[in-house]
Amino acid sequence: AGSDGLLGQLAIVGASLSYATFTTFSRKVIRGEVEPLVLSAIAMLSAALTTTVLSLIGALFFDLPLATPAAMPLNALLALLVLGLVNTFVAYLLFYNIVRVLGAARAAMVTYIVPVVGLCLGVLFLGETLDLFIIGGAALIFTGIGIVNIRRLPFRRIKAAGAAAD
């Protein structure tokens, strides 16, 4: 059971590294005037190909069942299509537009909010306990995002422009 936990943790680290790398890479590509629609399509196709290859490896070498679309119930297939096409593809379109406008580092800050949303949804829908640690963690996340973005506030720009004129 210990190695399973380690593999899961390594998968999370690998996913985070992939996300950070592709976000930074996308900023460079967007500067080269590649449309967010093209980047979104590339991300979706890359994910589909990777999933297919990993599913085949799992079926061939690890005796895992291979789920084909024909074997899936209709409601599961529809959920897969809606989550993939609508939720994920549209989210990528929005994200890459934000990367174009705000830059990769500031656009990636949206990922900091995901744990807070997950915890709040757990409290609301699963009856999980809301304690001081959750509230404190959420406050730290929002404080960090605020500190990083404070340089964008109008009074900071006016002050910086005044200092440059002197």
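Model, not experiment: these values are computed from the prediction.

Student: I would appreciate a short explanation of the overall build of the protein in the present structure.
Tutor: When helices and strands are counted, the protein shows seven helices and zero strands. For the protein, with 166 residues in total, the buried portion stands at 15%. Put simply, of all contacts in the protein between residues at least 6 apart along the chain, 67% involve residues at least 24 apart. Element-wise, carbon and sulfur atoms account for 75% of the exposed surface of the protein, whose accessible area totals about 12300 Å².

Student: I keep staring at the packing of helix H5 (residues 110-126) against helix H6 (residues 132-149) and nothing clicks. Help me out?
Tutor: Each pair of packed helices gets described by two things: the angle between the helix axes and the distance between those axes. Contact geometry for H5 and H6: axes closest at 10 Å, N-to-C directions at 155 degrees. Viewed along their axes, H5 and H6 adopt a mutual orientation that is roughly antiparallel. As H5 packs across H6, the resulting crossing turns out to be left-handed. For the pair formed by H5 and H6, the contact residues are Tyr112, Ile113, Val116 and Leu119 on the first element and Ile134, Ala138, Ile141, Phe142 and Ile145 on the second. Split by residue class, the contact of H5 with H6 holds nine nonpolar, no polar and no charged.

Student: It is not clear to me how the packing of aromatic side chains should be interpreted in this structure. Could you clarify?
Tutor: Summed over all chains, the structure comprises two aromatic pairs. Both rings, one in Tyr92 and one in Tyr96, keep their centres 5.6 Å apart while their planes meet at 10 degrees; by these two values the pair is stacked. Taken together, the positions of Tyr92 and Tyr96, both in helix H3 (residues 74-102) and four residues apart, correspond to about one turn of that helix. On the basis of relative accessible area, Tyr96 is assigned to the buried category, the value being 1%. Ring geometry for Phe95 against Tyr96: centres 5.6 Å apart, planes inclined by 65 degrees, an arrangement best described as edge-to-face. Pair check on accessibility: Phe95 and Tyr96 agree, each one buried.

Student: What is the right way to look at a nonpolar patch on the surface in this model?
Tutor: Together, Val53, Leu54, Leu56, Ile57, Leu60, Phe61, Phe62, Leu64 and Leu66 make up an exposed nonpolar region whose accessible area comes to about 960 Å². Structurally, Phe61 can be placed in helix H2 (residues 36-61).

Student: What should I look at first to understand H5 in this one?
Tutor: At 3.6 residues per turn, the α-helix brings residues three or four places apart onto the same side. Counted at 1.5 Å a residue, the expected span for H5 with its 17 residues is 24 Å, and the 24 Å between its end C-alpha atoms agrees. Gly127 lies just past H5 and shows a positive phi near 70 degrees.

Student: It is not clear to me how the side chain of Ser40 should be interpreted in this structure. Could you clarify?
Tutor: Among the secondary structure elements, Ser40 is positioned in helix H2. If we ignore the near neighbours within four places in the chain, the residues touching Ser40 are Phe89, Tyr92, Leu93 and Tyr96.

Student: How should I be thinking about the pattern of salt bridges in this particular structure?
Tutor: When the charged atoms of two side chains lie near each other, side chains of opposite charge can form a pair. Applying the stated criterion to the full structure yields one salt bridge. When the shortest N-O distance is used, the salt bridge between Glu35 and Arg100 registers 3.9 Å. Of this pair, Glu35 sits in the loop between helix H1 (2-31) and H2 while Arg100 sits in helix H3, and the two are 65 residues apart along the sequence.

Student: Is there a simple way to explain the nonpolar core in this structure?
Tutor: In globular proteins that are soluble, nonpolar side chains generally tend to be buried together. With nine residues, the main nonpolar core is built from Val29, Ile30, Leu39, Ala43, Phe95, Tyr96, Val99, Ala104 and Ala107. When residues of this core are traced back to their parent elements, those giving at least two are H1, H2, H3 and helix H4 (104-107). Tallying contributions element by element places H3 first for this core, with three residues.

Student: Teacher, can you tell me more about the packing of H2 against H3 here?
Tutor: Running from amino to carboxyl end, H2 crosses H3 at an angle of 135 degrees, the nearest separation of the two axes being 9 Å. Taken together, the axes of H2 and H3 lie oblique to each other. Where H2 crosses over H3, the two elements pack in a sense that is right-handed. Here Pro36, Leu37, Leu39, Ser40, Ala41, Ala43 and Met44 of H2 lie close against H3, whose contacting residues are Gly84, Thr88, Phe89, Tyr92, Leu93, Tyr96, Asn97 and Arg100. Considered class by class, the residues forming the contact of H2 with H3 number 10 nonpolar, four polar and one charged.

What counts and how
- Residues numbered from 1 in each chain as written.
- Predicted model: local features only at pLDDT ≥ 70, side-chain atom pairs only at ≥ 80, totals over all residues.
- Heavy atoms only, no water.
- Helix = DSSP H or I, 4+ residues; strand = E, 2+ residues; numbered from the N terminus.
- Buried < 20%, exposed > 50% of the residue type's maximum accessible area, 1.4 Å probe, protein only.
- Contact = heavy atoms within 4.5 Å.
- Areas by Shrake-Rupley, 256 points an atom, 1.4 Å probe, with all protein chains shown as cover.
- Axes fitted to C-alpha atoms, helices over the stretch in contact; angles between N-to-C directions.
- Parallel < 35°, antiparallel > 145°, perpendicular 65-115°, else oblique.
- Left-handed = near helix turned anticlockwise from the far one by under 90°.
- Nonpolar A, V, L, I, M, F, W, Y, C, P; charged D, E, K, R; others polar.
- Phe/Tyr/Trp six-rings, centres within 6.5 Å; stacked < 30°, edge-to-face > 60°.
- Patch = residues over 30% accessible without salt bridge, like charges linked within 9 Å, V, L, I, M, F, W, Y side chains within 5 Å.
- Salt bridge = Lys/Arg side-chain N within 4 Å of Asp/Glu carboxyl O.
- Expected span 1.5 Å × (residues − 1).
- Core = buried A, V, L, I, M, F, W, Y, C linked by side-chain atoms within 4.5 Å.

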